[in-house]
Amino acid sequence: QVQLVESGGGLVQAGGPLRLSCAASGIIFSTEVMAWYRQAPGKQRELVAVITAGGSTNYADSVKGRFTISRDNAKNTMYLQMNSLKPEDTAVYYCNRPPERGFVTWGQGTQVTVSS
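Since the model is a prediction, treat every value here as computed from it, not as a measurement.

Undergrad: Help me understand the overall build of the chain in this model?
TA: In terms of helices and strands, the chain carries zero helices and 10 strands. Its helices and strands taken in sequence order, the chain reads β-β-β-β-β-β-β-β-β-β from the N to the C terminus. Relative to a compact globule of 116 residues, whose C-alpha radius of gyration would be 13 Å, the chain shows 13 Å and is just as compact. Dimensions along the principal axes, computed over C-alpha positions, put the chain at roughly 40 × 25 × 25 Å. Counting over 116 residues, the chain shows a buried share of 41%. In the chain, of all internal contacts separated by at least 6 residues, the share reaching a separation of at least 24 is 53%. Approximately 6,000 Å² of the chain is accessible, and the part contributed by carbon and sulfur atoms is 48%. Across the chain, 11 positive and 8 negative side-chain charges occur, with their mean positions spaced 2 Å apart.

Undergrad: Would you mind going over the sheet that holds strand S6 (residues 57-59) with me for this structure?
TA: Strand pairing in a sheet relies on backbone hydrogen bonds, with the paired strands running either antiparallel or parallel. Here we have six strands laid out as an open sheet, ordered S2-S10-S9-S4-S5-S6, and mixed in their pairing. Only two strands of the sheet have a single partner each, and these edge strands are strand S2 (10-13) and S6. Strand-to-strand twist of the sheet, defined as the mean angle between neighbouring strand axes without regard to direction, takes the value 25 degrees. In the sheet, strand S4 (residues 34-39) pairs with strand S5 (residues 46-51) via five bridges, with the strands oriented antiparallel. Its bridge partner being in S5, tryptophan 36 is matched across the sheet by alanine 49.

About the thresholds
- Residues numbered from 1 in each chain as written.
- Predicted model: local features only at pLDDT ≥ 70, side-chain atom pairs only at ≥ 80, totals over all residues.
- Heavy atoms only, no water.
- Helix = DSSP H or I, 4+ residues; strand = E, 2+ residues; numbered from the N terminus.
- Rg over C-alpha atoms; globule rule 2.2 N^0.38 Å.
- Buried < 20%, exposed > 50% of the residue type's maximum accessible area, 1.4 Å probe, protein only.
- Contact = heavy atoms within 4.5 Å.
- Areas by Shrake-Rupley, 256 points an atom, 1.4 Å probe, with all protein chains shown as cover.
- Lys, Arg positive; Asp, Glu negative; His and termini not counted.
- Charge placed at Lys NZ, Arg CZ, Asp CG, Glu CD.
- Pairing = 2+ DSSP bridges.
- Axes fitted to C-alpha atoms, helices over the stretch in contact; angles between N-to-C directions.

Note that all results are geometric; they support no functional claim without further evidence.
Next comes the structure, spelled out in structure tokens:
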């Protein structure tokens, strides 16, 4: 059974950092392309960052230069280092495959709140 567990969210002041984690089980994590998503209140879920099995990365324009996606295949865990946070980064953050790979069951997400 596939399980994705996001953690690391919290309340942070604008300009501050936060590091999110995504622990995966039930998939061969080391072979998977993985992604971070976020959903703000009243908005659609949006793709934030993608990382291939080999470690190549891609980012949404809104987070480029501030966020860094990484993975530790030995721990079946993916990370999102978020720096220079802005109030508009406030959202629930989720991990999953990219859309073209087919989603697995969504986790509960982790809330990130950035105060101005």
